[in-house]
Amino acid sequence: LTFWVSLPGSWNYFLVFLCFPMLAWCAFQFGTRETVTAACMLSAVAIAGTLHGHGAFSALGSKNASLLMLQAFMGINGTTALLIAAVVEARRLGDATLREVHGRLELETQRHLILDAALDVIVTIDSEGRIIDWNPQAERIFGWPRTEVLDKPVAETIVPPDQRALHLLGMSRFRETGQGAVLNRRIERTALRRDGTEFPAEMTIIPFRAGGETFFSAFVRDITERKQAEKEIAQANETLMARTEEL
C-alpha cells in the first residue's frame, strides 16, 4: 500500500518507511528465508507501484532514476532486515546449543552419580580396549585409582596374563563381525587385581553405541565368598556321604 498511494507534500517519503517495521517483524518472528521472501515480494510491489507512477520514488522524474533510488532504498532495508534475521537465528541457535549442553551435562552428572552409587564394579572401555570409565567400586576391588587407570588397556590391568590373548582375539572378532560370544550374558571369569592376585568374578558385558562409536560396559562382582561357600558346602556333602557310607 505504501508504494501504491500518492499523498500530497512530503508524506509519501514518511509513508515508505513503514515497510521496514514489517521486514524487521519478519526477521524477529521467522528467519532469513522468510525475510528474503518478504523483501522480494515487497520489492516487486514497490517496482510495480513506482512504474505506475505511485509512491514517493515516482516523483523523481525519469523512471530510471526512480527505479535506481528505489533499488537503493529496498537494498538498504532488505540488507538490514537480513542482518537482524541472521543475528536472531544465531541467538536462537546459541540458546538451543546451550540448552543441549546443559542437558548433556545434567545427564552426565546423573550417570556418574548412578555409577558411583552402584554396588557392582562398572568398567567401561572403548572399541580399542582402553578404559574410559571406572567407578569407586572398581577402585576398591581392583586396587587401581581412577586417575591412574583411565586410558590404560583393560587387558593390561584387570585381565590375567593367561587370558589376554583370548580377550584381544574377542575384541578383534567383534570389530570385524560385530558379534561377541561373551556379550549380553552372565559369565564367570578370573580377574586380576593391581597387586597381582586373582579372584573369581561374575560379569556381564554390554555393548552400546554413542557418538558413532562402540563401547562396552562390564558389570563385575567379586564372587570369592560365594565360591568359598560352595566349596565348603561341597566338602561338607562329601564328608556327610562318607559318614553315611560308613554307617
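Predicted model only: the values in this text are computed from it and were never measured.

A. Layout of the side chain of Glu-202. Assignment of secondary structure puts Glu-202 in strand 4 (residues 198-210). A polar side-chain atom of Glu-202 sits 3.3 Å from a polar atom in the side chain of Arg-226. Apart from the residues lying within four places of it in its own chain, the contact partners of Glu-202 are Arg-186, Ile-187, Glu-188, Phe-219, Val-220, Arg-221, Ile-223 and Arg-226.

B. Local environment of the sheet that holds strand 1 (residues 121-126). Pairing is antiparallel across the open sheet formed by five strands, whose spatial order is 2-1-5-4-3. If you trace the sheet from one side to the other, it starts and ends with strand 2 (131-134) and strand 3 (186-192), each paired once. Each neighbouring strand pair of the sheet contributes to a mean axis angle of 35°, computed without reference to strand direction. Bridge analysis of strand 3 against strand 4 gives seven bridges, and the strand direction is antiparallel. Note on strand 4: the bridge partner recorded for Arg-186 is Thr-204. Along the sheet, helix 7 (residues 164-177) contacts strand 1, strand 3, strand 4 and strand 5 (213-222); its crossing angle with strand 5, the most-contacted strand, is approximately 145°.

C. Spatial organisation of the nonpolar core. Counting 25 residues, the largest nonpolar core has Trp-134 and Phe-142 as the members making the most contacts within it. Looking at which element gives the most residues to this core, the answer is strand 4, with four residues. Residues contacting Phe-142, with those up to four places away along its chain left out, are Val-121, Trp-134, Ile-158, Ala-191, Leu-192, Arg-193, Arg-194, Phe-199 and Val-220. With nine residues, the next largest nonpolar core counts Cys-19, Ala-38, Leu-42 and Ala-81 among its residues.

Calculation rules
- Residues numbered from 1 in each chain as written.
- Predicted model: local features only at pLDDT ≥ 70, side-chain atom pairs only at ≥ 80, totals over all residues.
- Heavy atoms only, no water.
- Helix = DSSP H or I, 4+ residues; strand = E, 2+ residues; numbered from the N terminus.
- Polar contact = N/O pair within 3.5 Å; in protein donor to acceptor, adjacent residues only side chain to side chain.
- Contact = heavy atoms within 4.5 Å.
- Pairing = 2+ DSSP bridges.
- Axes fitted to C-alpha atoms, helices over the stretch in contact; angles between N-to-C directions.
- Core = buried A, V, L, I, M, F, W, Y, C linked by side-chain atoms within 4.5 Å.
- Buried < 20%, exposed > 50% of the residue type's maximum accessible area, 1.4 Å probe, protein only.

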